Every structure is written in C-alpha cells, then in structure tokens.
Amino acid sequence: DDPAVPDRTSQALGEIAKAQEKKITDEQTLAETKQKDYAEAEQIEKNGDDAFDKGDYISAQMFYMRAIEKYDALFDADKAKLIQDKYDIATEKFSAGEKQKSDAESAAKKALEYYADKNYPEAKAAATSAKKMFTDLGLKTKADEMDILLQQIATDEVIASSLK
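Residues numbered from 1 in each chain as written. Predicted model: local features only at pLDDT ≥ 70, side-chain atom pairs only at ≥ 80, totals over all residues. Heavy atoms only, no water.

## A closer look at the overall build of the protein chain
When helices and strands are counted, the protein chain shows five helices and zero strands. When the helices and strands of the protein chain are listed from N to C terminus, the series reads α-α-α-α-α. For the protein chain, the C-alpha radius of gyration of 33 Å lies well beyond 15 Å, the compact-globule estimate for 164 residues. Counting every position in the protein chain, which comprises 164 residues, the buried fraction comes to 22%. Sequence-distant contacts, at least 24 apart, represent 53% of the contacts inside the protein chain between residues at least 6 apart. Computing the positive centroid from 25 side-chain charges and the negative centroid from 35, the protein chain places the two 7 Å apart. (Helix = DSSP H or I, 4+ residues; strand = E, 2+ residues; numbered from the N terminus. Rg over C-alpha atoms; globule rule 2.2 N^0.38 Å. Buried < 20%, exposed > 50% of the residue type's maximum accessible area, 1.4 Å probe, protein only. Contact = heavy atoms within 4.5 Å. Lys, Arg positive; Asp, Glu negative; His and termini not counted. Charge placed at Lys NZ, Arg CZ, Asp CG, Glu CD.)

Listed below in structure tokens is the structure:
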C-alpha cells in the first residue's frame, strides 16, 4: 500500500470539488448575465412601446429593432417574433401618417388655390379638411395656418357679397 494514494485521492477529490464549485459559479454568472440581458431587452422594448404610444413611430421602430437583436442574441425566437410584429405595426403606422400628412398638405394647397381663384366655398371645404387632418396628426402650427386661412375666407366672402 502506497502512502501517497490517500494524498492523491484527497487531492483529486479537492480538484473535483473546485471544478464543481467553478461550474456552479460559471452557471450562476451565466444566469445573471442572461437575466441582465433580458432586463435590457425588456427596457428597450418598453422604450419602443412608449415612443409608439406618443406617435413617434420612427423611434419605436429603432427601439424595436434593437430589442429584436437582443432577443435574437438570447436565442429567444418567440419574443423576437412578437417584437417583429410590433415593429411591423409601427412601420405601417408611420407610412399611414406620412400619407395622411401628404393628404393634408395637398388639401391645404388646394385651399390656397381655390382661395386665390376666389372660389370661397371650395377653399373653405379644403381648408377645413386640411385643418382636421393637421389636428389629427398633432401639427398644431399647420392647423393654426388653416384657421387663419378660414378667417380670411370668411372675411373675403363678406366683402365679396357686399360688393354684389
């Protein structure tokens, strides 16, 4: 019987215990990192939701794209797909808003053209339509411009009718 065998056995058992402790520590570190990454992804998603709720669809798209990247890195395809759906909706909303803005600008232009031609009923209808669209879009300055035009139309209508 070799007296070194118990020492080597004890040493081997000690190394096994250290390896097990390191494995547990590594697993805990990995779990903490994963939890931190999930918290970051959730915060980025929340920022996207907040931007979306405020009608800032460009920022929402940016935040959602970053959240998708985070969830992809975490190998969470289901969550990434849910965020992709939010991204797609934000893209659609942005496009619809741009179309509505274009329509409002077009109505405002028509209102000015009708006003210049002294076609006050058509100018009033177009300006009222443009004002509503600008208001719906939250473009107060543009809506105020249409209010001023509507006042000018009303004044010019009175003047035109008194000259008849």
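## Section: the pattern of salt bridges
In this structure the tally under the stated criterion is 15 salt bridges. Between K23 and E27 there is a salt bridge; the shortest N-O distance is 4.0 Å. Placement of both K23 and E27 in helix α1 (residues 4-53) is noted, with a separation of four residues, approximately one turn of the helix. In this structure, K99 engages D103 in a salt bridge whose closest nitrogen and oxygen atoms are separated by 2.9 Å. (Salt bridge = Lys/Arg side-chain N within 4 Å of Asp/Glu carboxyl O.)

## Concerning the packing of helix α4 (residues 120-136) against helix α5 (residues 140-162)
In the contact formed by α4 and α5, the axes pass within 8 Å of each other and the chain directions differ by 165°. Of the possible angle classes, the one that applies to α4 and α5 is roughly antiparallel. Here the hand of the crossing between α4 and α5 comes out left-handed. Side by side, α4 and α5 meet where Y120, P121, A123, K124, A127, T128, A130, K131, F134 and T135 of the first sit next to K142, A143, M146, D147, L149, L150, I153, D156, E157 and A160 of the second. A per-class count over the contact of α4 with α5 returns 12 nonpolar, two polar and six charged. (Axes fitted to C-alpha atoms, helices over the stretch in contact; angles between N-to-C directions. Parallel < 35°, antiparallel > 145°, perpendicular 65-115°, else oblique. Left-handed = near helix turned anticlockwise from the far one by under 90°. Nonpolar A, V, L, I, M, F, W, Y, C, P; charged D, E, K, R; others polar.)

## So, the packing of helix α3 (residues 77-116) against α5
As a packed pair, α3 and α5 sit with axes 11 Å apart at the nearest point and diverge in direction by 20°. Relative to α5, α3 is oriented roughly parallel. Taken as a pair, α3 and α5 cross one another with a handedness that is left-handed. Between α3 and α5, the contacting residues are E105, A108, A111, L112 and Y115 on the first element and K142, M146, L149, Q152, I153 and D156 on the second. Considered class by class, the residues forming the contact of α3 with α5 number seven nonpolar, one polar and three charged.

## Structural notes on the confidence of the model for the protein chain
When the pLDDT values of the protein chain are averaged, the result is 92; 97% of them are 70 or greater. Confidence scores differ between elements of the protein chain, with α1 showing the lowest mean pLDDT of 88 and helix α2 (residues 57-73) the highest of 96. (pLDDT = per-residue confidence, 0-100.)

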